[in-house]
Amino acid sequence: MRTITTKVMDCLHFIDGAFVPSANGRTFDNVNPATEDVIGTVAEGGAAEIDLAVKAAKRALNGPWKTMTANERIAVLRKVGDLILERKEELARLESLDTGKPSWLSGTIDIPRAAYNFHFFSDYIRTMTAETTQMDDVALNYAIRRPVGVVGLINPWNLPLLLLTWKLAPALAAGNTVVMKPAELTPMTATVLAEICRDAGVPDGVVNVVHGFGPNSAGSALVEHPDVNAISFTGETTTGKIIMASAAGTLKRLSYELGGKNPNVIFADSNLDEVIETTLKSSFINQGEVCLCGSRIYVESSAYDEFLAKFVARTKELKVGDPFDAKTKVGALISEEHYERVSGYIKLAQEEGGTILTGGKRPEGLERGYYLEPTIIVGLNRNCRVVKEEIFGPVVTVIPFDSEEEVLEQVNDTHYGLSASVWTNDLRRAHRVAGRIEAGIVWVNTWFLRDLRTPFGGMKQSGIGREGGVHSFEFYSELTNICIKL
Ligand code: NAD
Ligand code: 6OD
């Protein structure tokens, strides 16, 4: 039984320009994962609230949002970005209270990037050109873009505002109206975002937020609603499969950013000190709760011992603890359930014959909160579940390899295909290996370096479609080709 000890905020739905409770008054608790305190209540939406929100979004498609000029829409979207920056400190605090991530991380990555998503996509509108095709002197074709309609945005808890705005900004830039279903574990910044959209001049009904759970709740009601034209979903691969089945009845357009089990491939000729500093981030930033984190680390045998010695030593130096301590590098995991799941994989690693070189347990002195030490495991092979399955926590496996062929075979032996990073100073090898890895994103000698114009997404069971730049507009718009006989 938890009690409210530090009230932060209660979260209501935002429907048709107003903050409202659920019709039946139901709420659920919002827990701070770093303290296990209840910090507020959240309105628990269901089919009724989704229906109200979708009706409002449908009406708004033909309201002032439709008649706004492109310049007016650009100004509104820029203003959303500006207001996110104006409220950066508050949003960073809320994001860390909701997720357990270090507040310096929210303040330097999550929130600025949320603002940039709006600035980027509002600027992008100006670069859009219509596709034209001329057929000798017989016909001229041109394709006009129009909004898809009402779009449902369903999000995970790991980068709540960053990922919500990564969808919302292009959806609005393309003229759609939206119903967002934030993750139930992280409702606060989405609620503030709704207020920011209103304050920036987004007309009523264009942006709606319905809180609640996934299955048999707000999430599934959004997916099944006949007046929702598209769903953009980021979350687990297994959830993606369920959503695809329930979206089939209304044949919805789907965009999927799903799970991963991303490899880092480190050749002996790379600059090991640089590799280690970046690998610390790609392994443990955000408690390893980033879909792009590299959790399978392959190191060329001749560099394996040196890499491991340095990597383990640097990992032991990472401070785990209070998200509001500026020295903290690893905060708390998102929930008790997730803590148990990740801990279960650490136990499994030992049963599968692995050796834990560092970490694997709750840090001493941190009895409350879902804290787990960054964990490095060796001695596992490609068939172990710990090497195959997404753990989504501060846990990595390190495996030696002897040849390019051998490592590529292991790297691609997975049903995931989100991202990878390759470390080498051999230019030809960099191109060769990067081109053969089955992943939507391959970084060479870096990690998580993002240019928002580039295609973002996964192959195999890590996703369907791409987001970013024109790719986002492809998803969030419908094309009509007009053919004129000359
Ligand atoms: P999740 O799939 O459990 O939940 C994601 C969202 O889907 C939540 O809002 C949830 O309420 C909703 N949902 C759950 N069941 C639903 C249903 N039946 N119908 C409709 N909505 C439903 O994922 P999570 O635990 O919140 O997030 C972690 C996962 O997200 C990891 O697998 C991670 O790799 C993935 N992820 C992927 C990316 C990417 O860009 N590829 C980015 C971030 C996270
Ligand atoms: O940087 C991005 O645009 C992005 N979508 C990051 C996703 C991270 C996953 O956890």
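Residues numbered from 1 in each chain as written. Chains lettered and ligands numbered in written order. Predicted model: local features only at pLDDT ≥ 70, side-chain atom pairs only at ≥ 80, totals over all residues. Heavy atoms only, no water.

What to know about the packing of helix H3 (residues 70-86) against helix H5 (residues 103-125)
Angle between the axes and distance between the axes: these two values describe a pair of packed helices. Close contact between H3 and H5 brings their axes to 8 Å; oriented N to C, the two are set at 165 degrees. Classed by the angle they form, the pair H3 and H5 counts as roughly antiparallel. H5 is crossed by H3, and the crossing has left-handed handedness. Facing Ile74, Leu77, Arg78, Val80, Gly81, Asp82, Ile84 and Leu85 of H3, the residues of H5 in contact are Ile111, Pro112, Ala114, Ala115, Phe118, His119, Ser122, Asp123 and Ile125. A class-by-class count of the residues in the contact of H3 with H5 yields eleven nonpolar, three polar and three charged. (Axes fitted to C-alpha atoms, helices over the stretch in contact; angles between N-to-C directions. Helix = DSSP H or I, 4+ residues; strand = E, 2+ residues; numbered from the N terminus. Parallel < 35°, antiparallel > 145°, perpendicular 65-115°, else oblique. Left-handed = near helix turned anticlockwise from the far one by under 90°. Contact = heavy atoms within 4.5 Å. Nonpolar A, V, L, I, M, F, W, Y, C, P; charged D, E, K, R; others polar.)

Considering the site of ligand 2
Taken together, the residues surrounding ligand 2 are Arg113, Asn158, Leu159, Leu163, Trp166, Val290, Cys291, Leu292, Phe448, Arg450 and Phe456. Backbone polar atom of Cys291 to an oxygen atom of ligand 2: 2.8 Å apart, as the coordinates give it. Its free accessible area being 310 Å², ligand 2 has 99% of it covered by the protein chains. For ligand 2, the cavity whose grid points lie within 2 Å of the majority of its atoms is the second largest cavity. (Near = heavy atom within 4 Å. Polar contact = N/O pair within 3.5 Å; in protein donor to acceptor, adjacent residues only side chain to side chain. Areas by Shrake-Rupley, 256 points an atom, 1.4 Å probe, with all protein chains shown as cover. 1 Å grid on protein atoms, 1.4 Å probe; cavity = no way out; pocket = protein on both sides within 12 Å on 5 of 7 lines; lining within 4 Å. Sits in = over half its atoms within 2 Å of the grid points.)

Structural notes on helix H4 (residues 88-99)
Across its twelve residues, H4 extends 16 Å between first and last C-alpha, which sits within 8% of the 16 Å expected from 1.5 Å per residue. Within H4, burial applies to Leu91, Ala92, Leu94, Glu95, Ser96, Leu97, Asp98 and Thr99. On its buried face, H4 sits against strand S3 (27-31), strand S4 (38-43), H3, H5, helix H6 (160-173) and helix H7 (188-200). Backbone geometry just after H4 places Gly100 at a positive phi near 85 degrees. (Expected span 1.5 Å × (residues − 1). Buried < 20%, exposed > 50% of the residue type's maximum accessible area, 1.4 Å probe, protein only.)

Examining the packing of H6 against H7
Two elements in contact, H6 and H7, have axes whose closest approach is 9 Å; the angle formed by their N-to-C orientations is 45 degrees. Relative to H7, the element H6 lies oblique. Two packed elements cross with a definite hand, and for H6 against H7 that hand is right-handed. Between H6 and H7, the residues in contact are Pro160, Leu161, Leu164, Thr165 and Leu168 and Thr189, Ala190, Leu193 and Cys197, respectively. Considered class by class, the residues forming the contact of H6 with H7 number seven nonpolar, two polar and no charged.

Focus on unusual backbone geometry
Notably, Asp136 is not glycine yet its phi reads approximately 45 degrees, a positive angle. Along the chain, Asp136 turns up in the loop between strand S5 (131-135) and strand S6 (139-147). Residue Asp136 is classed as exposed on the basis of its relative accessible area, which comes to 65%. With a phi angle near 60 degrees, Asn445 is a residue other than glycine that sits in the positive phi range. You can see Asn445 is positioned in the loop between strand S18 (441-444) and strand S19 (463-464). Under the relative-accessibility criterion, Asn445 is labelled partly exposed at 27%.

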